[in-house]
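These are the residues of each chain, in order.
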Amino acid sequence: MRLVLLSGGSGKRLWPLSNDSRSKQFLKVLSNQENELESMVQRVWGQLERLGVAENAVIATSKSQIDMIKSQIGEHVKIIVEPERRDTFPAIALAASFLLSEEGVDEEEIVAVLPVDPYVDDAFFKRVLDLEEVLKTTDADLALLGINPTYPSSKYGYIVPSSVSNSVITVSYFKEKPTETEAESLIEEGAIWNSGVFAFKLGSMINVIKKRNLPVVYSELLKQYSSLPKISFDYEVVEKTEKIAAIGYEGYWKDLGTWNTLTEEMGSDSIGHVYRWGDCRDTHIINELHIPVTVMDIQNAVVTVSSDGILVSDKMASQKIKEVVEGLNQPPMYKEHRWGYSRVLDYAKYDDGTQNVTKRIFVKASKHISYHSHKNHEKVWTIVNGEGNFVLNGNIRVVKKGDILTIPDGKNHVLNAITDLELIEIQTGFPIVEGDVERKYFDWSDIEADCYQINYK
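A brief look at the structure comes next. (Residues numbered from 1 in each chain as written. Predicted model: local features only at pLDDT ≥ 70, side-chain atom pairs only at ≥ 80, totals over all residues. Heavy atoms only, no water.)

## Considerations on the overall build of the chain
Of regular secondary structure, the chain possesses 11 helices and 31 strands. Against the 2.2 N^0.38 benchmark of 23 Å for 457 residues, the chain shows a C-alpha radius of gyration of 25 Å, consistent with a compact globule. Overall, the C-alpha framework of the chain stretches about 75 × 60 × 45 Å when taken along its three principal axes. A burial count over the chain gives 52% of its 457 residues as buried. Put simply, 65% of the contacts in the chain that link residues at least 6 apart link residues at least 24 apart. For the chain, the computed accessible surface area is about 21800 Å², with 47% contributed by carbon and sulfur atoms. Looking at charge distribution, the chain has the averaged site of its 50 positive side-chain charges lying 4 Å from that of its 67 negative ones. (Helix = DSSP H or I, 4+ residues; strand = E, 2+ residues; numbered from the N terminus. Rg over C-alpha atoms; globule rule 2.2 N^0.38 Å. Buried < 20%, exposed > 50% of the residue type's maximum accessible area, 1.4 Å probe, protein only. Contact = heavy atoms within 4.5 Å. Areas by Shrake-Rupley, 256 points an atom, 1.4 Å probe, with all protein chains shown as cover. Lys, Arg positive; Asp, Glu negative; His and termini not counted. Charge placed at Lys NZ, Arg CZ, Asp CG, Glu CD.)

Structure below.
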């Protein structure tokens, strides 16, 4: 069986920690077996590794999440990059074409699709593998994994059975987010929660692609990706499939999509530079900045401080944060990269239109950023700690703590860390936007080969 993990979302429900480049699955607030903080995606990948199926898994995601995934899981992970966000049907179609034409997977192979961030026991993934047997022993075209409900919830969709044989449900229909009264009736009928996990034979998905006159070769489908309909897999495929089977899962399963649910599973009630005073029962505090945060006599609250903003909220009220911040239109102030991280410290705009952005950048030892240039702004780097190799338009030299480097616009540059390296970056120009970058090389060997003057003294 092959596994496709879908990684998307902008994480507005967990603002200000999450943003367009760091969705909820990347927040390091959970506790692992060594009592260290880890993210949801790290937790899930660890579970797949323990089960011995990680090597058969790929992650489908957008460009903005590639660095985050590789930073948290590793360079070895296979990633299918969506050229743009177009909902789950296009993402799954692209994944199917990748497995067929790039990986050479047989069309009879079973493919399971699941979110990258379920908070579950290891037994959940063993149950996912059972979907293969369901498809082989029934005439179903799709097999779903549902959650046996513990209470009549109005937050989830329901899979409603027409019959049940040997614990396998023949699906009658789906009911999306019913009222609690309706949910009670559905549970009495044997309905289960829809977890968003399903499986199919690769060939069946390839046939769906062909019927829509789309190419099944991965490279060709990439070129036409923008023409694919923006529609969910549920609407485009599931609702049009007649023979669907489902099985239930009885173990632990939880959606950590809001602050009040996430804090219930956090590894600690205080993370970062935090001081608690008095009665702070059921209050969770996360501080990503270097300045101290003090909370006094506040109960049942969440206090979150990051470069993107500050949230102080009653836990139940925090569920509404997405509505409150929906209108905010600012670029992410914190980004995690495969080579380290960057954090915006200050932004200014002057009367003549010139912009100024100040960042703190950390590059891990033996890692490097890409060899790139900017058209509309120049930069000044001040090395505050560590040592590395600096390249500016073909010249390499060693830099260390205290060095100040000026990088004019249009000049290719890169920094390769010998030790852990920290620097302050000041960008000046107009406009200073994410798209103002031209990347020349990503591999250090290519960068060195392009240089004409090397000075490692």
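That covers the picture; the talk isn't over yet.
## Overview of a negative patch on the surface
On the surface, Glu180, Glu184, Glu188 and Glu189 cluster together to form a negatively charged patch. With respect to the secondary-structure elements, Glu184 resides in helix α5 (residues 180-188). (Patch = residues over 30% accessible without salt bridge, like charges linked within 9 Å, V, L, I, M, F, W, Y side chains within 5 Å. Salt bridge = Lys/Arg side-chain N within 4 Å of Asp/Glu carboxyl O.)

## A short note on the nonpolar core
If you look at the biggest cluster of nonpolar residues, it comprises 46 residues, and the most contacted ones within it are Leu3, Trp45, Leu48, Phe124, Leu131, Leu145 and Trp253. Other than its neighbours up to four places away in sequence, Phe124 contacts Pro118, Leu145, Ile147, Val197, Tyr249 and Trp253. Core analysis: the second largest hydrophobic core is formed by 41 residues, Ile80, Leu99, Val171 and Leu214 among them. (Core = buried A, V, L, I, M, F, W, Y, C linked by side-chain atoms within 4.5 Å.)

## Topic: the packing of helix α3 (residues 88-101) against helix α6 (residues 202-211)
In contact at an axis separation of 10 Å, α3 and α6 are set at 120 degrees when each is read in the N-to-C sense. Considered as vectors, α3 and α6 are oriented oblique to each other. α6 is crossed by α3, and the crossing has left-handed handedness. In this structure, α3 contributes Phe89, Ile92, Ala93, Ala96, Ser97, Leu99 and Leu100 to the contact, and α6 contributes Leu202, Met205, Ile206, Val208 and Ile209. In terms of residue class, the contact of α3 with α6 is made up of 11 nonpolar, one polar and no charged. (Axes fitted to C-alpha atoms, helices over the stretch in contact; angles between N-to-C directions. Parallel < 35°, antiparallel > 145°, perpendicular 65-115°, else oblique. Left-handed = near helix turned anticlockwise from the far one by under 90°. Nonpolar A, V, L, I, M, F, W, Y, C, P; charged D, E, K, R; others polar.)

## Some words on the environment of Leu202
Tracing the backbone shows Leu202 in helix α6. Owing to a relative accessible area of 0%, Leu202 belongs among the buried residues under this scheme. Residues Leu202 and Ala95, spaced 107 residues apart in sequence, show a C-alpha to C-alpha distance of 10.0 Å. Aside from chain neighbours lying at most four places away, what touches Leu202 is Ala96, Leu99, Leu100, Val105, Asp106, Glu107, Glu109 and Val111.

## Things to note about the side chain of His368
Here His368 lies in the loop between β22 (355-363) and β23 (371-373). Of the polar contacts made by the side chain of His368, one reaches the backbone oxygen of Phe442; its length is 2.7 Å. Once residues lying within four places of it in the same chain are set aside, the contact partners of His368 are Trp339, Val363, Val414, Leu415, Asn416, Phe442, Asp443, Trp444 and Ile447. (Polar contact = N/O pair within 3.5 Å; in protein donor to acceptor, adjacent residues only side chain to side chain.)

## Quick notes on the sheet that holds strand β24 (residues 377-385)
With antiparallel pairing, six strands are arranged side by side in an open sheet as β20-β21-β22-β29-β24-β27. Two strands close off the open sheet at either side, each with one partner strand: β20 (334-337) and β27 (404-407). Between one strand axis and the next, the sheet turns by 20 degrees as a mean value, whatever way the strands run. Where strand β21 (residues 340-349) lies against β22, nine bridges are found, and the strand directions are antiparallel. (Pairing = 2+ DSSP bridges.)

## Section: α3
Relative to the 20 Å expected for 14 residues at 1.5 Å per residue, α3 spans 20 Å between its end C-alpha atoms, a close match to the ideal helical length. For α3, a buried count of 11 out of 14 residues is recorded, marking the element as mostly surrounded by other parts of the structure. Within the sequence span of α3, burial applies to Phe89, Pro90, Ala91, Ile92, Ala93, Leu94, Ala95, Ala96, Ser97, Phe98 and Leu99. (Expected span 1.5 Å × (residues − 1).)

## As for the pairing of strand β6 (residues 110-115)
Counting buried positions over the six residues of β6 gives five, a clear majority of the element. Bridge count between strand β1 (residues 2-6) and β6: five bridges; the pairing is parallel. Along β6, the bridge assignment pairs Arg2 with Val111. In terms of strand pairing, β6 meets strand β11 (residues 192-201) through four bridges, oriented antiparallel. Its bridge partner lying in β11, Val113 is registered against Phe198.

## Quick word on the side chain of Lys12
Relative to the elements of secondary structure, Lys12 occurs in the loop between β1 and β2 (30-31). If we skip the residues at most four places from it in the chain, Lys12 touches Ser18, Ile321, Lys322, Val325 and Glu326.

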